[in-house]
Structure formats: C-alpha cells, structure tokens
Amino acid sequence: LGDLTLTAAADALGGYGRASMWLGEQLGIDGSVLPATIEPARHAIEEVILPTRGKAGSRPVRRLRFAESRSGSPEGAIAAIENARWVLLAPGGLYSNILATCAVPDLAATLAATAARVVWIANLRPDPREAPGLTAADHLLLLRLHEVRVDAVLHDPAATLVFDAA
C-alpha cells in the first residue's frame, strides 16, 4: 500500500521527492525519503569472489555495476546527506533496496565524505531471494565491497539474521 500511495502522490505532485515531503507532512513525520537518482539508473549484476571470513576458501557473490550513462543524484538528496547528523541505511533487500540506492556513485561519494554518522540497520532475517546463505557480516562486507560507508550497525541480537559484533 505504501508504494501505491507514494507512486500516486508522485504522479500528482510531479516527482518522488515532492511526494515524500508531502506524505511526511500529512503523517507528521520529521524527515524525508528522497530518490537516489534523477532518472532511473541502469545497472548490471556481475559475480565476484568474496573471501570467506575465518574459513578456508571463498565464494561467489553478486556485485552491482551502474551503467556509465546513469543519471546523477538529486541535489536535495546530496544536501540532505551532507547536512545530516545521522544517516540511516534502513533494512530491506540487499540488492533491490540498500545497494540500489546507497551504491549509486554520487550518493556513495557523499556518504563517504559526510560528517554524519552512517548507521546500517540490519534485517531481522535472511532474504532467501536476494542474499541466500549470507550472514549479517557478509551483508556488511558487501556494503563495503560496493564502497558504501558504514560507521555502526544496529541489529537485534535475537534476530535470525545473526550479526556477530566481533
């Protein structure tokens, strides 16, 4: 329902940024969700080898690569990150949500340079479609592989996607 509401508001108000702000005002939310790119970004997925931590060997994982003809990120999204005290990377699908936005080159560069603390909020359970067999630490390694800065991790120790702080 949230996606339908956001899409309808974006169509009526002329964009997702405006729709997010308007919906936030209607719901009394102090904050906003801004789009990562001005135009839809094209990306490809390639397989790379991820070293297995604490075990012998390695295993293949997927990596997003954005097309050279990608569009830039909105100035509002960049300014929001630059001026933030905290940037929260919300839970969601590793590839379809987190990396598809945070690894966009303009935003990844802004995250790397911001004075804000960047906090990744770990999922509660593994996603069998997007990240089968990956641990929470593997998620963090993939964020770093995609050059997404993370200063701290918020996780539930009782979750089924276990994050070992060590």
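Here the structure is shown first, and the text comes after it.
Residues numbered from 1 in each chain as written. Predicted model: local features only at pLDDT ≥ 70, side-chain atom pairs only at ≥ 80, totals over all residues. Heavy atoms only, no water.

Visitor: Outline the side chain of Glu130, listing residues and values.
Guide: Mapped onto the fold, Glu130 is located in the loop between β4 (117-121) and α6 (136-145). One buried charged residue, Glu130, remains without a salt bridge, the closest side chain of opposite sign being Arg62 at 5.2 Å. Reaching out from Glu130, the side chain makes a polar contact with the backbone nitrogen of Tyr95 at a distance of 2.6 Å. Each residue touching Glu130, except ones within four places of it in the same chain, is listed here: Arg62, Gly93, Leu94, Tyr95 and Ser96. (Helix = DSSP H or I, 4+ residues; strand = E, 2+ residues; numbered from the N terminus. Buried < 20%, exposed > 50% of the residue type's maximum accessible area, 1.4 Å probe, protein only. Lys, Arg positive; Asp, Glu negative; His and termini not counted. Salt bridge = Lys/Arg side-chain N within 4 Å of Asp/Glu carboxyl O. Polar contact = N/O pair within 3.5 Å; in protein donor to acceptor, adjacent residues only side chain to side chain. Contact = heavy atoms within 4.5 Å.)

Visitor: Outline the sheet that holds β4, listing residues and values.
Guide: Within a sheet, neighbouring strands are paired by backbone hydrogen bonds and run either parallel or antiparallel to one another. One open sheet holds the three strands; their spatial order is β3-β4-β5, and the pairing between them is parallel. Edge positions in the open sheet fall to β3 (86-89) and β5 (152-154), since each of these has one partner strand only. Within this sheet the neighbouring strands show an average axis-to-axis angle of 30°, counted without direction. In the sheet, β4 pairs with β5 via three bridges, with the strands oriented parallel. Looking at the pairing, Trp120 lines up with Val153 of β5. (Pairing = 2+ DSSP bridges. Axes fitted to C-alpha atoms, helices over the stretch in contact; angles between N-to-C directions.)

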